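Structural overview
Residue-level listing of the chains:
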Amino acid sequence: MTATCELLYSGADWTFEAIDRVYAAIDEIAKSELKLDLYPTQIEVITSEQMLDAYASIGMPLMYRHWSFGKRLLQDEALYRRGARGLAYEIVINSNPCICYIMEENTMTMQTLVIAHAAFGHNHFFKNNHLFQQWTDASGIIDYLAFARRFIADCEVQHGSAAVERVLDAAHSLMGQGVHRYPKARPLDLKRERQRELNRRRHEEENYNELWRTIPGQTGVPRGLDTLAKRRQALNLPEENLLYFLEKRAPKLQPWQREILRIVRMLAQYFYPQRQTKMMNEGAATYTHYWIMNRLYEQGRITDGAMLEFLHAHTSVVFQPEFDDPRYPASTPMRSASP
Amino acid sequence: MMEDIARIAENPTEEDQQWFPEIAGRGEAIEVLKTAWENYRDESFILQYLSPRLIRRMRLFKIHDDAEQPHLVVDSIHDERGYRSVRSALARHYDVGRADPDIQIVDVDLAGERKLILQHRVEDGILLDLNEARPVLHHLADLWGYPVELVEIDASTDAVLKRHEEVGPRREIC
């Protein structure tokens with residue numbers, strides 16, 4: 001490539017054709033020069049209302065129903081309408097294909113920037129970072145969310161929405177204590193989750209026996225569980241994952257309630273690597289977009305004006321306030337500000 | 001930090017050679033970066049790659065805040081003696097495992113009322129906020145179906161710091 005390339009776009013307004021051209025140009029740089037290893041990408045242009053919707057479902061394209069998501073939506077919406085807070089330029093999802101939402105009101109330069117940032121930078125990070133590889137299943141997540149949403153909706157019909165809400169409220173309150181922090185189980189395969197749930201239900205139905213209901217409850221300590229050491233061995237204690245323990249051991253829960261705990265736990269685990277790599281993930285995406293935008297400029301494919309607009313956005317995002325800046329909450333002077 | 005790692009790979013100083021012998025002057029900045037992106041998380045990444053040069057440029061320093069003492073102490077600054085301590089202190093800020101309380105189920109009282117017994121291993125004397133802990137314990141008891149007890153224990157001395165009042169299930173979830 002030399003500086004004789006044609007401009008990819010001019011002016012501020014974006015078009016789908018221009019986004020196509022920009023995507024192809026970035027794709028070439030990313031693959032031939034940076035040699036990034038990427039999931040296929042699905043880019044969706046969304047409105048600010050849709051962005052608020054996405055916020056409400058923790059950034060995911062679909063989610064089961066729970067009042068807390070609606071509450072979140074109202075809060076975000078109020079802040080946004082009052083102008084107290086802007087919205088993100090993009091949301092990117094650790095899925096295969098990698099889904100990127102970009103905002104309709106972005107200028108063409110911002111679209112170029114966020115595509116380079118999210119569809120290439122974050123995408124490469126999701127696919128290659130060992131925590132994501134070990135703990136998340138990018139190919140299965142969207143289908144799993146669809147299953148979770150349907151499962152919980154079915155539970156609402158069968159058991160009443162109040163009963164479902166009680167379980168979800170309780171499970172959400174334990175979400176932070178619902179992750180395995182150290183690898184021990186096999187890698188996650190979300191596609192098999194639905195099948196596993198069906199098998200569990202079938203097994204129960206096949207083995208249901210009215211007689212068992214008439215046997216009086218046991219009293220006293222079950223044999224072999226009378227010392228702490230034996231109990232610990234039998235119950236796999238200590239256990240840091242409270243949701244996991246409840247799903248497996250809580251004496252009174254119904255199977256559908258266990259499945260809901262499992263769904264909440266799966267989501268907690270899916271998001272856990274994101275919490276552990278916020279800084280690096282943004283750093284990698286920022287390094288990638290900066291590199292790509294400069295390369296596009298060198299190749300003569302974006303205008304001086306576009307480059308200046310990009311640099312303005314870039315420096316606003318990477319700017320580090322001083323340690324005593326009032327924008328930091330008083331208790332956490334060392335935390336980095338996220339854009 | 002990403003820019004700094006690229007610089008170390010392509011244009012290292014003598015100091016970088018000492019601190020980062022594996023990557024200093026190796027060239028191929030993007031390959032060095034990609035290896036880092038693959039193999040680390042925030043905490044270990046800072047611990048491995050935050051360079052003395054960047055610590056100087058950002059004028060990082062470390063404050064030791066002991067609630068028992070009347071003064072704050074600046075115990076490390078961006079100098080030869082301070083780099084490692086500043087770096088590991090910053091890295092710990094990014095350790096999610098430290099930010100989340102370490103709470104584990106340690107026993108179930110099978111002889112009595114099937115009470116679930118939890119332990120919070122307390123770091124730096126930071127106890128759970130009662131206003132948050134209680135509602136969560138109620139939720140936990142609701143799911144467990146029997147009472148729940150939480151004990152907070154000092155992680156370094158094993159001393160019992162606080163015993164939360166036992167919480168029973170409020171309503172039958174099942």
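Turning to the sheet that holds strand 3 (residues 102-109) of chain B, a few remarks are in order. Read across the open sheet, the four strands follow the order 3-4-5-6 (chain B); overall the sheet is mixed. Edge positions in the sheet fall to strand 3 and strand 6 (160-163) of chain B, since each has one partner strand and no second. Neighbour-to-neighbour, the strand axes of this sheet turn through a mean angle of 25°, independent of strand direction. As judged from the three bridges shared by strand 5 (residues 148-154) of chain B and strand 6 of chain B, these two strands associate in the antiparallel manner. Each residue of the ladder has a partner; that of Ile153 of chain B, found in strand 6 of chain B, is Val160 of chain B. Along the sheet face, helix 10 (residues 242-249) of chain A touches strand 3 and strand 4 (115-122) of chain B and points at about 25° away from the line of strand 3 of chain B.

Residues and elements named next belong to chain A. The assigned domain composition of chain A is domain 1 (16-129 + 277-337) and domain 2 (141-205 + 233-276). Distance from the C-alpha centre of domain 1 to the C-alpha centre of domain 2: 30 Å. Taken together, the contact pairs 18 residues of domain 1 with 22 residues of domain 2. Summed over both partners, the interface of domain 1 with domain 2 comes to about 1,700 Å²; 64% of that surface belongs to carbon and sulfur atoms. By the criterion of area lost to domain 2, the three top residues of domain 1 are Leu62, Tyr64 and Arg65, representing 37% of everything that side buries. Along the contact surface separating domain 1 from domain 2 lie one salt bridge.

Calculation rules
Residues numbered from 1 in each chain as written. Chains lettered and ligands numbered in written order. Predicted model: local features only at pLDDT ≥ 70, side-chain atom pairs only at ≥ 80, totals over all residues. Heavy atoms only, no water. Pairing = 2+ DSSP bridges. Helix = DSSP H or I, 4+ residues; strand = E, 2+ residues; numbered from the N terminus. Axes fitted to C-alpha atoms, helices over the stretch in contact; angles between N-to-C directions. Contact = heavy atoms within 4.5 Å. Domains from an automatic or database assignment. Buried area = accessible area lost by both parts, 1.4 Å probe. Salt bridge = Lys/Arg side-chain N within 4 Å of Asp/Glu carboxyl O.

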